[in-house]
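Structure assessment
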Amino acid sequence: MKKFLALLLIGAMTFSTVACGGSDAPAAGETQPETKEEAPAEPAKEEAPAAAAEEEAPAGGDAASSITLWTYPIGKWGDEATVKALTDTFTAKTGITVNVEFLAYADGDDKVNTAITAGQAPDLIMEGPERLVANWGANGYMVDLSDMLDDTDKSEIQAAPLAACTAPGGEVYEYPLVMTAHCMAVNLNAFKEAGADQYLDLETHTWTTENFIKAVEALYAHYGDTVAAVYCAGQGGDQGTRALVNNLYGGSYTDAAHTAYTWNSPENVKALEQLKSMDGIAFDASLAGGDEIAKFYQGVLKMAFCWNIAQQLDPNAAGTGAGLTITGDEIAFMSFPSETGESKLQGGIWGFGIFDNGDAARIEASKQFIKYMADSEATKDAVIAANYFAVRSSAEGTDLSAIWADNDIMNEYQVLMPYLGDYYQVTPGWAGQRTAWWTMLQKIGSGSDVTEAITQYEGEANAAAAE
């Protein structure tokens, strides 16, 4: 299993060596549906910090005795009891206490930016490369963690997430912990009632664009109402709408070098025109990703484009257990439809970064925390708490390849991993382009010409990238 996943992910999730250059991107972490992955406005710069202490310095010597961690809700890393159990074990081992603040995607970026501006940034933060590398790292606020990675680490961590966590100059601003593939989901009971389940390949969890269209037609004929929503109230969960549009006819979102946005292609125009024309699919400016998931759990929508393993494992909004809607209908996760069935899925990567607050002792203590959570015998528990897949095969001799061996859902979900696509969320101007994307979808939904809308808003996205 270890070699299988490593080969699949390295081969499928290709990144340029400048993957995290210049700006922001998901997740998640397009993460959690990618509820707020944008790069916030750049805060004021701070004074240059003092040099960091050596990585292995013991607590109580060169390391501070107390540090702060701010974490976005990445699986149960957003749950106070779970995180306390993890940090208590770290404290017992090192003597370093960890004060934790839990961020929400709705306002977390604003809180972090305000703290940076005030010179009160946390020591540690947990999120994805689109924030830690392409935003805060690129703007000079993060500690370079490359000294924490020896040759063994580099061989154990899969190439794709490590590349996404590395800036163009070689600085590592995020130490990766977990990753996943974002996907979509269907209400299997509803599909069966409408006779649309014939269009799903439930063994591979893939389907073609032709079968997707047929399924929507069958669902609409049976239910006579909206069965899926191209949600566009804001950026929340926009990794789903991007993947839907790009995969239908083989379009792309950025160029390979992550320097420009490439929405305005015949393939993407065709996809948007197809979606706009379909009975049963609504461009809904009242819904963001989280709202769409809620309506899917309620059974109002028969598909969700904002989905990943966290929802499949533990749909808290449903309250009925893994893989079920509120009414007990079975949820099947699916890859996004494409002409061949071979889709390119958005990936999510999450890990830890350290803010450069100029305190070498706190930086050292923070490095010890990262080492403990991401490369030690404790890494297994840290990964399980995140409800995602480990980015590395082993950690200090602890085999991580069989973490989910007893979890049927996680093992089944691995069928999607070969479809992981490019982690383009590190393209410059990420925050501005996200606004342009959902505004474009709103305009199309309200009747604007697709070609005119995509031309205008791709232009705005690339203007943001050039700033």
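Keep in mind the model is a prediction, meaning the values are calculated, not measured.

All right, on to the pattern of salt bridges then. Evaluation of the coordinates by the stated rule reveals 15 salt bridges. Here Lys93 ties to Glu377 by a salt bridge, and the two come within 3.9 Å at their closest N and O atoms. Of the two residues, Lys93 is situated in helix H2 (residues 80–94) and Glu377 in the loop between helix H13 (360–374) and helix H14 (379–386); the sequence distance between them amounts to 284 residues. The exposure class of Glu377 is partly exposed, given its relative accessible area of 49%. For Asp238, the salt bridge identified is with Arg242, shortest N-O distance 2.9 Å. Of this pair, Asp238 and Arg242 both sit in helix H9 (residues 238–248), separated by four residues, roughly a single helical turn. Residue classification places Asp238 among the buried positions, given a relative accessible area of 2%. When salt bridges with common partners are traced through the structure, they connect Asp153, Glu156, Lys371, Asp375, Arg392 and Glu396 into a single cluster.

A separate point is the state of the cysteines. The tally for this structure, following the rule as stated, stands at zero disulfides. No disulfide involves Cys306; its nearest neighbouring cysteine sulfur is the one of Cys183, lying 9.8 Å away. Taking relative accessible area as the criterion, Cys306 reaches 0% and is therefore assigned buried.

Of note, Phe283 is situated in strand S7 (residues 281–284). For Phe283, a relative accessible area of 16% gives the class buried. Along the primary structure Phe283 and Cys232 are separated by 51 residues, whereas in three dimensions their C-alpha atoms are 7.1 Å apart. Those residues in contact with Phe283, other than ones at most four positions away along the chain, are Val230, Cys232, Leu272, Leu275, Lys276, Leu441, Ile444 and Gly445.

Spatially, six strands are ordered S2-S1-S3-S10-S4-S11 in an open sheet, and the strand pairing comes out mixed. Looking at the sheet topology across the chains shown, the edges are occupied by strand S2 (97–102) and strand S11 (389–390). One ladder, built from six bridges, connects strand S1 (residues 66–71) with S2; its direction is parallel. Bridging from a neighbouring strand, Leu69 pairs with Val100 of S2.

Quick notes on the rules
Within each chain, residues carry numbers counting from 1 in the order of the written sequence. A pLDDT threshold of at least 70 governs which residues receive local features in this predicted model, and a stricter bar of 80 or more applies before side-chain atom pairs are shown or counted, although totals over entire chains, interfaces and linings include all residues. Side-chain measures were taken over the full set of non-hydrogen atoms in the model, leaving aside hydrogen atoms and water. Take a side-chain nitrogen of Lys or Arg and a carboxyl oxygen of Asp or Glu: if they are within 4 Å of each other, that pair is a salt bridge. We count a stretch as a helix when DSSP gives it H or I for four or more residues in a row; a strand needs E for two or more, and each element gets its number in order from the N terminus. The classification of residues rests on relative accessible area computed with a 1.4 Å probe and restricted to protein chains. Under 20% of the type maximum is buried, over 50% is exposed, and intermediate values are partly exposed. The definition used for a disulfide is geometric: two cysteine sulfur atoms within 2.5 Å. In what follows, a contact means two residues having at least one pair of non-hydrogen atoms within 4.5 Å. Pairing between two strands requires that DSSP report at least two bridges joining them.

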